[in-house]
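Reading the structure
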Amino acid sequence: MSQKSENAVGIFDIKNFDSGIDITEVAEDTYQCTSFANVTAFDTAKGLVLVDTGLSKLSQQLATALREHTDSPVHTAIYTHGHTDHAFGLDEFLIEGQEPPNVIAHEAMAGRFDRYARTEEYNKIINGRQLSADPAAAEYHSLWEDGMFCWPDYPPTTWYSDDITITVGDTTFEIHHARGETDDHTWLYCPDRDVLCSGDLVTAAAPNAGNPQKVQRYPWDWADALREMAALNAGTLLPGHGEPIVNDPEKTEHRLLRYAEYLDTIVDQTIERLNDGAPPHVDIVREIDLPDPEESWLQSEYDCGEFIARNVIRYYGGWWTGRPSELKPAGRGAVAEEIADLAGDAETLAERAEALIDEGDERLACHLADYALEADPENEAVQTAVANVYEARAEATEDMMSANIFASSVKYANEGRPFR
């Protein structure tokens with residue numbers, strides 16, 4: 001690793017995403033469209049009820065595949081939450097000449113779309129960094145499309161607060177609100193077909209309840225919603241991402257309760273540590289016995305347990321780390337220059353960071369790498385060493401978020417852009 005890495009990416013590179021689509025009839029006239037983000041279609045006597053509408057860039061493929069099974073117009077669309085891979089693809093599912101569908105969502109979704117519009121450029125950058133290891137622009141990946149961070153073309157027409165039950169044709173849908181990955185999340189149960197649609201309250205990996213670049217998550221409410229869903233004893237579970245569980249109540253219940261247990265374990269331990277003398281928050285995660293599940297669908301492939309703990313701390317404990325110097329801190333550049341002077345120079349710090357990587361202490365190595373780049377960002381030897389440190393950190397990281405953020409740091413280092 002003696003030369004700069006120009007193309008380092010994390011473990012999940014969305015620009016190479018395989019857009020294969022599976023359509024499964026999970027119950028009579030009920031279709032799960034499995035792709036990057038899933039869509040469920042209930043064919044009723046009055047038309048289709050869609051649960052989510054997929055990512056806009058893939059919705060045409062999803063709709064085309066679904067239309068091999070039904071030509072019914074879309075009567076109602078239900079957005080489980082306002083993320084761009086769930087609420088922005090409705091247009092492609094509509095048939096020519098049909099009436100505009102009813103669109104149902106939780107009332108908090110309006111605030112989400114307003115935030116998207118206000119912070120559009122910020123969202124482009126953080127999603128490019130998170131999903132494709134490229135901090136420059138979200139356009140890096142093939143699923144990017146303009147207008148992903150704003151109000152969708154088909155905004156909700158029916159807003160609800162806590163719960164709402166609707167009947168379309170002869171089919172009933174029990175719609176519920178739950179804070180989880182988002183504050184605007186919806187899950188629903190169709191008792192007539194014994195089908196439970198969880199949205200992103202259930203996916204194919206550990207819950208996305210920590211995300212370091214995004215707004216607050218609610219893992220305690222999330223766990224409550226999972227237990228509420230488990231109590232239904234539903235046979236079929238349709239997650240927001242990943243494969244369905246079809247006609248297997250025991251497997252459905254197990255999946256829901258294990259997700260809840262995973263979240264409870266982290267939340268309870270984090271709050272216990274907060275209550276134990278209000279220690280510096282940055283150290284709490286070191287004292288938590290994070291879950292190490294065996295199930296493939298509970299692995300930290302996207303988010304990770306450490307980030308979930310930090311999200312709990314943020315909610316209950318505020319933004320301050322608990323370290324006095326960081327209450328009203330000096331500028332990072334000034335601190336970095338002082339540390340570099342004490343060490344001799346920035347290159348010495350960078351060389352020590354590389355040595356720590358070789359010794360297996362990746363966390364400490366990154367601290368020294370940051371200070372080195374912040375103290376002397378135009379020094380090419382420092383840039384190269386720091387890029388090497390973060391390339392190694394990215395390669396050694398299992399969860400996608402961390403790996404892609406570390407890989408983005410390689411690009412920053414090569415550009416001489418300090419992490420202030």
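Let me sum up the structure you'll find in this document. Since the structure is predicted, the reported quantities are computational estimates derived from the model, not experimental observations.

Thresholds applied
Residues numbered from 1 in each chain as written. Predicted model: local features only at pLDDT ≥ 70, side-chain atom pairs only at ≥ 80, totals over all residues. Heavy atoms only, no water. Pairing = 2+ DSSP bridges. Helix = DSSP H or I, 4+ residues; strand = E, 2+ residues; numbered from the N terminus. Axes fitted to C-alpha atoms, helices over the stretch in contact; angles between N-to-C directions. Contact = heavy atoms within 4.5 Å. 1 Å grid on protein atoms, 1.4 Å probe; cavity = no way out; pocket = protein on both sides within 12 Å on 5 of 7 lines; lining within 4 Å. Points joined across faces, edges and corners; volume = space filled by probe spheres on them. Nonpolar A, V, L, I, M, F, W, Y, C, P; charged D, E, K, R; others polar. Patch = residues over 30% accessible without salt bridge, like charges linked within 9 Å, V, L, I, M, F, W, Y side chains within 5 Å. Areas by Shrake-Rupley, 256 points an atom, 1.4 Å probe, with all protein chains shown as cover. Salt bridge = Lys/Arg side-chain N within 4 Å of Asp/Glu carboxyl O. Lys, Arg positive; Asp, Glu negative; His and termini not counted. Charge placed at Lys NZ, Arg CZ, Asp CG, Glu CD. Buried < 20%, exposed > 50% of the residue type's maximum accessible area, 1.4 Å probe, protein only. Phe/Tyr/Trp six-rings, centres within 6.5 Å; stacked < 30°, edge-to-face > 60°.

What follows deals with the sheet that holds strand 5 (residues 74–78). Read from one edge of the open sheet, 7 strands run 1-2-3-4-5-6-7, paired in mixed fashion. Of all strands in the sheet, those bounded by a partner on one side alone are strand 1 (22–27) and strand 7 (158–160). The sheet shows a mean angle of 20° between the axes of neighbouring strands, taken without regard to direction. Sheet topology places strand 5 next to strand 6 (residues 102–106); 3 bridges connect them, and they run parallel. In the sheet register, Ile78 faces strand 6, and the bridge partner there is Ile104. Helix-sheet contacts for helix 1 (residues 56–66) involve strand 1, strand 2 (30–34), strand 3 (39–44) and strand 4 (47–51), and the interaxial angle to strand 2 is about 145°.

This paragraph deals with empty space enclosed by the protein. In the structure shown here, the tally under the stated rule is 1 cavity of 30 Å³ or more. The calculated volume of the largest cavity comes to roughly 60 Å³. Of all the secondary-structure elements, those providing two or more residues to the lining of the largest cavity are strand 3, strand 11 (195–199) and strand 12 (236–239). The element contributing the most residues to the lining of the largest cavity is strand 11, with 3 residues. In terms of residue class, the lining of the largest cavity is built from 5 nonpolar, 7 polar and 1 charged.

Before going further, it helps to examine a negative patch on the surface. Where like charges cluster on the molecular surface, the negative patch consists of Glu337, Glu338, Asp341, Asp345, Glu347 and Glu351. Those elements that provide at least two residues to the negative patch are helix 8 (332–343) and helix 9 (346–359). Examining the composition of the negative patch, we find that 3 residues originate from one element, helix 8, more than from any other. Within the element layout of this structure, Glu337 appears in helix 8. Looking at Glu337, the relative accessible area reads 41%, which means it is partly exposed.

This next bit is on the packing of aromatic side chains. Following the criterion strictly, the structure yields 14 aromatic pairs and no others. Relative to Trp151, the ring of Phe113 has its centre 5.1 Å away and its plane inclined at 55°; by these criteria the two rings are tilted. Pair noted here: Phe113 is in helix 2 (residues 109–118) and Trp151 is in the loop between helix 3 (120–132) and strand 7, with a separation of 38 residues, a long-range link. Judged by relative accessible area, Phe113 falls into the buried class, the value being 0%.

Moving on: the sheet that holds strand 10 (residues 186–190). With mixed pairing, the 5 strands of this open sheet are ordered in space as 8-9-10-11-12. For this open sheet the edge positions go to strand 8 (163–168) and strand 12, each flanked by a neighbour on one side alone. With strand direction ignored, the average angle separating the axes of adjacent strands in the sheet is 20°. Two elements, strand 10 and strand 11, share 3 bridges in a ladder whose sense is antiparallel. Bridging from a neighbouring strand, Leu188 pairs with Cys197 of strand 11.

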